[in-house]
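Spelled out from the first residue to the last, the chains are:
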Amino acid sequence: MDINWNIDYVEEVTSTNDLVYRSVVTDPSLTEGYGVSAGFQSKGRGERGNSWESSKNQNLLLSFLLKPGLPVSRQFLLSQIISLAIAEYLVDHDIDGVKIKWPNDIYVGDRKIAGILIQNILQGRAIRNSIIGIGLNLNQTEFYSDAPNPISLKAITGNEYVIQTECLLLLDTITKNYTELFKVRKAKPQNMYRFLLYRLNEKATFLDKENLPFEGIIKGVDDQGNLEVERQHGIEHFGFKEIKYVI
Ligand code: BTN
């Protein structure tokens, strides 16, 4: 399965996700692989309504369109595939301690190196268009927002990275991992994801919906993408807005 990548570059934009989203809505003929990367975002968006910090021309800011044709009930698989692709890209750069913090933050040790923002456009019960936004910290070594624990490749290796080259390398691993979506046996992404899960099998503190702390042990994720956490009374399944890590 090949993706015909067609990534435009813009120097500055509010958010590459918003730009691709608008293009997809106004031009339904856009095909899988169309995307935009930017040197700077004035309103970079993160998960949970957060903003995404990235100094000018320092990092990869990329959004692109995929048409996975998955039922909505399987949307987490796409999130897993993209997370695994970024993790693999980092491992290919000889980075140790790469982890995926559920649902789709990419960590090195206890620090966040990349984030993913996925916006799906549905048709009935199927995902018709999926806009995948990736922020990957490459060369920035000082962060000014209140993002708790950012890190970049350069901060780890001391090397300077050419954003365009890294973009192509990442797109290669995404192409490779994306083919897993269309295989009948889908155990591999699920197993790999679990293997890389941040704090798997470790006793840790979390916050519940009311921001009250509790202790538990992450055991995995279910097919719907809920986090499985063992507590006194057995395993509980948490949706995205129902639990927060304390790091
Ligand atoms: C997160 O971890 O909260 C998700 C961050 C996603 C950031 C990327 S940068 C490129 C794309 N455009 C955006 O506005 N957000 C995503």
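Look a little higher up for the structure.
Criteria and thresholds
Residues numbered from 1 in each chain as written. Predicted model: local features only at pLDDT ≥ 70, side-chain atom pairs only at ≥ 80, totals over all residues. Heavy atoms only, no water. Near = heavy atom within 4 Å. Polar contact = N/O pair within 3.5 Å; in protein donor to acceptor, adjacent residues only side chain to side chain. Areas by Shrake-Rupley, 256 points an atom, 1.4 Å probe, with all protein chains shown as cover. Helix = DSSP H or I, 4+ residues; strand = E, 2+ residues; numbered from the N terminus. Nonpolar A, V, L, I, M, F, W, Y, C, P; charged D, E, K, R; others polar. Expected span 1.5 Å × (residues − 1). Buried < 20%, exposed > 50% of the residue type's maximum accessible area, 1.4 Å probe, protein only. Contact = heavy atoms within 4.5 Å. Pairing = 2+ DSSP bridges. Axes fitted to C-alpha atoms, helices over the stretch in contact; angles between N-to-C directions.

Quick notes on the site of the ligand
Next up, step 1: Contacts to the ligand come from 20 residues, most closely from Ser15, Gln41, Arg45, Glu47 and Lys112.
Next up, step 2: Within the side chain of serine 15, a nitrogen or oxygen atom sits 2.7 Å from an oxygen atom of the ligand.
Next up, step 3: Within the side chain of lysine 112, a nitrogen or oxygen atom sits 2.6 Å from an oxygen atom of the ligand.
Next up, step 4: In isolation the ligand offers 420 Å² of accessible surface; the protein chains occlude 98% of this area.
Next up, step 5: When residues of the shell around the ligand are traced back to their parent elements, those giving at least two are α1 (16-26), β3 (60-66), β6 (111-123) and β7 (126-136).
Next up, step 6: Counting residues per element, the shell around the ligand draws most heavily on β6, which supplies four residues.
Next up, step 7: Class assignment for the residues of the shell around the ligand results in six nonpolar, 10 polar and four charged.

Brief notes about helix α4 (residues 163-178)
For an α-helix, 3.6 residues make a turn, and residues three or four places apart therefore share a direction.
Next up, step 1: In this model, α4 (16 residues) spans 22 Å end to end at C-alpha, consistent with the 22 Å of a helix rising 1.5 Å per residue.
Next up, step 2: Glu166, Cys167, Leu170, Leu171, Thr173, Ile174, Thr175, Asn177 and Tyr178 are the residues of α4 that are buried.
Next up, step 3: In the core, the buried residues of α4 are packed alongside β1 (6-13), β3, α2 (75-92) and β7.

Digging into the sheet that holds strand β9 (residues 213-221)
Next up, step 1: Strand order in the open sheet formed by five strands is β11-β10-β9-β8-β12, and the pairing between neighbours is antiparallel. Because the sheet does not close on itself, it has two edges, and the strands there are β11 (234-238) and β12 (243-245). Neighbour-to-neighbour, the strand axes of this sheet turn through a mean angle of 50 degrees, independent of strand direction.
Next up, step 2: Relative to strand β10 (residues 227-231), β9 is paired through four bridges, and the arrangement is antiparallel.

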